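What the coordinates show
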Amino acid sequence: MTTHHLTVLGMTCGHCEKDVSRVVRSVDTDANIRIDRAANAVSIETNQAITAFIVAIVAEGYEATVNKQVSS
């Protein structure tokens, strides 16, 4: 299992958090997601590649970049 740490810009409300969660779940329905909107941070614990999450989040209209990646 890997935890991907992303910086996601453009999340301004709870609806935005739900959008990001929804698109993350579209890539991996079993992902463990933690969102800190104030810090623009999204952590995703998954077996999927980080690229798929970034593509999905960007397609939803947010800016997403890798913060760091930690294997566990």
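Figured I'd write up the structure that's included with this text. Each chain carries its own residue numbering, running from 1 in the written order of its sequence. For this predicted model, a pLDDT threshold of at least 70 governs which residues receive local features, and a threshold of 80 or more governs which side-chain atom pairs are given and counted, while totals over whole chains, interfaces and linings are taken from all residues. Note that water and hydrogens are dropped before the side-chain values are worked out from all heavy atoms of the structure.

A few words on helix H1 (residues 14–27). In this text, helices come from DSSP runs of H or I with a minimum length of four residues, and strands from runs of E with a minimum of two, each type numbered from the N-terminal end. Working rule for helices: expected span equals 1.5 Å times residues minus one. Helix length check: H1 (14 residues) gives 20 Å between terminal C-alpha atoms against 20 Å at 1.5 Å per residue, within 8%. Residues Cys-16, Asp-19, Val-20, Val-23 and Val-24 constitute the buried set of H1. The arc that holds every buried residue of H1, seen down its axis, measures 130 degrees, which confines them to one face. Relative to its buried face, H1 has exposed residues pointing more than 90 degrees away, namely His-15 and Lys-18. Between buried and exposed lies partly exposed: a residue is buried under 20% and exposed over 50% of the maximum accessible area for its type, with that area taken using a 1.4 Å probe on protein chains only. The arc in question is traced by the directions running from the helix axis to the C-beta atoms.

Turning next to the nonpolar core. Throughout, nonpolar core names a set of buried Ala, Val, Leu, Ile, Met, Phe, Trp, Tyr and Cys residues whose side chains join them through atoms within 4.5 Å. The biggest cluster of nonpolar side chains holds 18 residues, and the ones touching the most others in it are Leu-6, Val-8, Val-20, Val-24, Val-42 and Ile-57. Ranked by residue count, the leading element in this core is helix H2 (residues 50–59), at 5 residues. Residues count as neighbours in contact if any of their non-hydrogen atoms are within 4.5 Å of one another. Setting aside anything within four residues of it in sequence, one finds Val-24 in contact with Ala-31, Ile-33, Ile-44, Phe-53 and Ile-57.

Attention shifts here to H2. Among all positions of H2, only Ile-50, Phe-53, Ile-54, Ala-56 and Ile-57 are buried. Down the axis, H2 shows its buried residues gathered within 165 degrees of arc, on one side only. Seen from the buried face of H2, the exposed residues on the opposite side, beyond 90 degrees, are Thr-51, Val-55 and Ala-59. Gly-61 occupies a position one or two residues after H2 and carries a positive phi of about 110 degrees.

Attention now goes to the environment of Asp-36. As for its placement among the helices and strands, Asp-36 is situated in strand S2 (residues 32–36). Separated by 26 residues in sequence, Asp-36 and Gly-10 place their C-alpha atoms 12 Å apart.

The next subject is the environment of Thr-12. Positionally, Thr-12 belongs in the loop between strand S1 (2–9) and H1. Judged by its relative accessible area of 62%, Thr-12 falls in the exposed class. Put simply, Thr-12 and Ala-64 are 52 residues apart on the chain and 14 Å apart in space, counted from C-alpha to C-alpha.

Once that is clear, we can look at the packing of H1 against H2. Here, axes are lines fitted to C-alpha atoms. For helices the fit covers the stretch in contact, and angles between N-to-C directions go from 0 to 180 degrees. Closest axis-to-axis distance for the H1/H2 pair is 9 Å, and the angle between their directions is 140 degrees. Overall, the two elements H1 and H2 adopt an arrangement that is oblique. In the crossing of H1 with H2, the sense of the turn from one axis to the other is right-handed. For the pair formed by H1 and H2, the contact residues are Val-20, Val-23, Val-24 and Val-27 on the first element and Ala-52, Phe-53, Ala-56 and Ile-57 on the second. Put simply, angles under 35 degrees are roughly parallel, angles over 145 are roughly antiparallel, angles from 65 to 115 are roughly perpendicular, and the rest are oblique. Should the near helix be turned counterclockwise from the far one by less than a right angle, the crossing is left-handed, whereas a clockwise turn marks it as right-handed.

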